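Coordinate inspection notes
So you can see what is in the structure, the chains are spelled out below.
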Amino acid sequence: MPYPTQPTASHFINGQYVEDTSGAEIPVIYPATGEQIAVVHEATPSIVEQAITSAKAAQKAWAALSGTERGRILRRAADMIRERNHDLSVLETYDTGKPLSETLYVDATSGADALEYFGGLAGSLTGEHIQLGEDWVYTRREALGLCVGIGAWNYPTQIACWKGAPALACGNAMVFKPSETTPLCALKVAEILHEAGLPAGLYNVIQGTGKVGAPLVTDPRVDKVSLTGSVPTGRKVYAAAAEGIKHVTMELGGKSPLIIFDDASLEDAVGGAILANFYSSGQVCSNGTRVFVQKGIKEAFLTRLHERLQEAQIGDPLDEATNFGPMVSENQMKIVQGYIEKGKAEGARLVCGGNALPRDGFYLEPTVFADVTDEMTIAREEIFGPVMAVFDFDTEEEAITRANETEFGLSAGVFTSDLTRGHRVIAQIEAGSCFINSYNDAPVEAPFGGSKLSGVGRENSKAAIEHYSQMKSVYVRMGAVDAPF
Ligand code: NAD
């Protein structure tokens, strides 16, 4: 019997679905039940070749259109995504296990935001004119050519759009490889883009593990690689791309600090910490998983946090009343359980949670550890699950120093009612995407990305244009050429 969420075919190449069943089977598992809901096939070398050749063939004519013409198609795709938001959100829920109460508002919709924003920007991309006496220079903002996008499993629709929208706006073609854990949603993005009028070949989706990602990164026809994934994968992909001197964007992992001063609104600080740790069952790269709470407010913070966590509606992700769903996979759940055991073994105090739920699927309770110290494993390594580590601190200076003692630098947050302090502290934190009295907002208008091991480059905002285009400068001499001989 066909699966209800089975895609038309595994890959989308040159404007159409393409199948090659000789590629290894990748089962798609619904995280809420553990049941298989689809199967796709890993891209064979022939599929990879078809994707690259069709992208190369289509790119130049696309770049030759005016930005307004390109943008119109992206904006049409944005409208279509919004019209189909409900079905796309249900598919995202099947793909990831994230509750519909989230996917209806932040997945396809944020993909549509990116298409609308970069579609709007496309017509305003220009070079400049530099007068040099009689002579002059002009610059042309040109496409890079063929961009490869490689996605993580936590936000499959959003990642497919956050990479595709600026790439296409700038006149590039894209070959996108979703995570093998969540292969379904990017196919829909490709389908909608082409239905909106994107010429065939400009946005191709091929499936597979790192075995498919790796040859895409090293292919000499590829000009740019944009990865969303973990730091270990980032190191490999960055190194492989460096061999060919390719452009890169690396959106990698984090272990971000959230600093709560004792003058903060307790209710807002607790709400911020919940958003920073338990949204998408904790599977968010920018999460503020190291929560530094000033000693004066600590016990009140933990008491209120514990109370509010009891209100989490854990259950069927397709029920809109549910606001906390399963982990994406059994594997990820086991990784997180391993960290919970380490937290206990290394002496952190388990405030609440810590257990898997006795039901089908990959459910873990929202978990809070207090009295965590900086050298514990749960204080240093990215867990990527619903596990909050709470630390105590005395002074502002101490909080800043300890917050920066990490190799990561993706995000950071500060809660305080002293706004001068909020700005002063955030200015000293080594991180790319920061928040004051808020957490995890990611509007398309704002640059998003990390420093230190958390990555290079920025997605979203006008900053992304710099990472999907390059400047050509042209010197124009108006007079005679004065050669030495
Ligand atoms: P991952 O690193 O295991 O995989 C990411 C992608 O890379 C997958 O598509 C995978 O197939 C591919 N890949 C693996 N090896 C490869 C290779 N050698 N060459 C090319 N491609 C290869 O990450 P994940 O487990 O899918 O996602 C979780 C991680 O992603 C976390 O560390 C999280 O913090 C990070 N993340 C970062 C952001 C961000 O914007 N900074 C957003 C979401 C997730």
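Residues numbered from 1 in each chain as written. Predicted model: local features only at pLDDT ≥ 70, side-chain atom pairs only at ≥ 80, totals over all residues. Heavy atoms only, no water.

**Brief notes about the sheet that holds strand β12 (residues 257–260)**
With mixed pairing, 7 strands are arranged side by side in an open sheet as β14-β15-β16-β13-β12-β17-β18. This sheet does not close on itself; its edge strands, each paired only once, are β14 (349–352) and β18 (433–436). Adjacent strand axes in the sheet meet at a mean angle of 20°, parallel and antiparallel pairs treated alike. Bridge count for β14 against strand β15 (residues 367–370) is 3 bridges, and the pairing is antiparallel. Among the inter-strand pairings, L350 is bridged to a residue of β15, identified as F369. Lying on the sheet, helix α12 (residues 330–345) is in contact with β14, β15 and β16 (387–393); it crosses β15 at an angle near 25°. (Pairing = 2+ DSSP bridges. Helix = DSSP H or I, 4+ residues; strand = E, 2+ residues; numbered from the N terminus. Axes fitted to C-alpha atoms, helices over the stretch in contact; angles between N-to-C directions. Contact = heavy atoms within 4.5 Å.)

**Some thoughts on the pattern of salt bridges**
Enumeration over the complete set of coordinates arrives at 30 salt bridges. In this structure, the salt-bridge partner of D113 is R82, at a minimum N-O distance of 2.7 Å. Of the two residues, D113 sits in helix α5 (residues 108–122) while R82 sits in helix α2 (residues 67–83), which places them 31 residues apart along the sequence. With a relative accessible area of 33%, D113 lands in the partly exposed category. As a salt-bridge pair, K344 and E341 come within 3.3 Å of each other at their nearest N and O atoms. Of the two residues, K344 and E341 both sit in helix α12, 3 residues apart, roughly one turn of that helix. The exposure class of E341 is partly exposed, given its relative accessible area of 44%. Via salt bridges that share partners, K298, E299, R349, D371 and D392 belong to a single interconnected network. (Salt bridge = Lys/Arg side-chain N within 4 Å of Asp/Glu carboxyl O. Buried < 20%, exposed > 50% of the residue type's maximum accessible area, 1.4 Å probe, protein only.)

**Section: the sheet that holds strand β6 (residues 135–143)**
Read across the sheet, 3 strands follow the order β5-β6-β20 without closing on themselves; strand pairing throughout is antiparallel. Edge positions in the sheet fall to β5 (129–132) and β20 (469–476), since each has one partner strand and no second. On average, adjacent strands in this sheet sit at an angle of 20° to one another, irrespective of strand direction. With 8 bridges joining them, β6 and β20 adopt antiparallel strand pairing. Bridge pairing links V137 to Y475 in β20.

**Brief notes about the site of the ligand**
As a matter of local geometry, the ligand sits amid 27 residues, with G151, E180, S230, T233 and E382 nearest to it. K177 has a polar side-chain atom sitting 2.9 Å from an oxygen atom of the ligand. A distance of 3.5 Å separates a nitrogen atom of the ligand from a polar atom in the backbone of A214. Looking at the shell around the ligand, the element that brings in the most residues is helix α8 (residues 210–218), giving 3 residues. Considering only residue class, the shell around the ligand consists of 12 nonpolar, 11 polar and 4 charged. (Near = heavy atom within 4 Å. Polar contact = N/O pair within 3.5 Å; in protein donor to acceptor, adjacent residues only side chain to side chain. Nonpolar A, V, L, I, M, F, W, Y, C, P; charged D, E, K, R; others polar.)

**As for the packing of helix α3 (residues 85–96) against helix α7 (residues 185–195)**
At a minimum axis separation of 9 Å, α3 and α7 run at an interaxial angle of 150°. For the element pair α3 / α7, the angle class is roughly antiparallel. Where α3 abuts α7, its residues L88, L91, E92 and D95 lie against C185, K188 and I192. For the contact of α3 with α7, a count of residues per class yields 4 nonpolar, no polar and 3 charged. (Parallel < 35°, antiparallel > 145°, perpendicular 65-115°, else oblique.)

**Remarks on the pairing of strand β3 (residues 25–30)**
Because side chains alternate across β3, one face comprises the buried residues I26, V28 and Y30, and the other comprises E25, P27 and I29, none of which is buried. Of the pairings in the sheet, the one linking β3 to strand β4 (residues 35–41) comprises 6 bridges and is antiparallel in character. Within the sheet, the bridge partner assigned to Y30 lies in β4 and is E35. What sits between β3 and β4 in their antiparallel hairpin is a turn of 4 residues, with G34 showing a positive phi close to 80°.

Just geometry here; none of it tells us what the structure is for.
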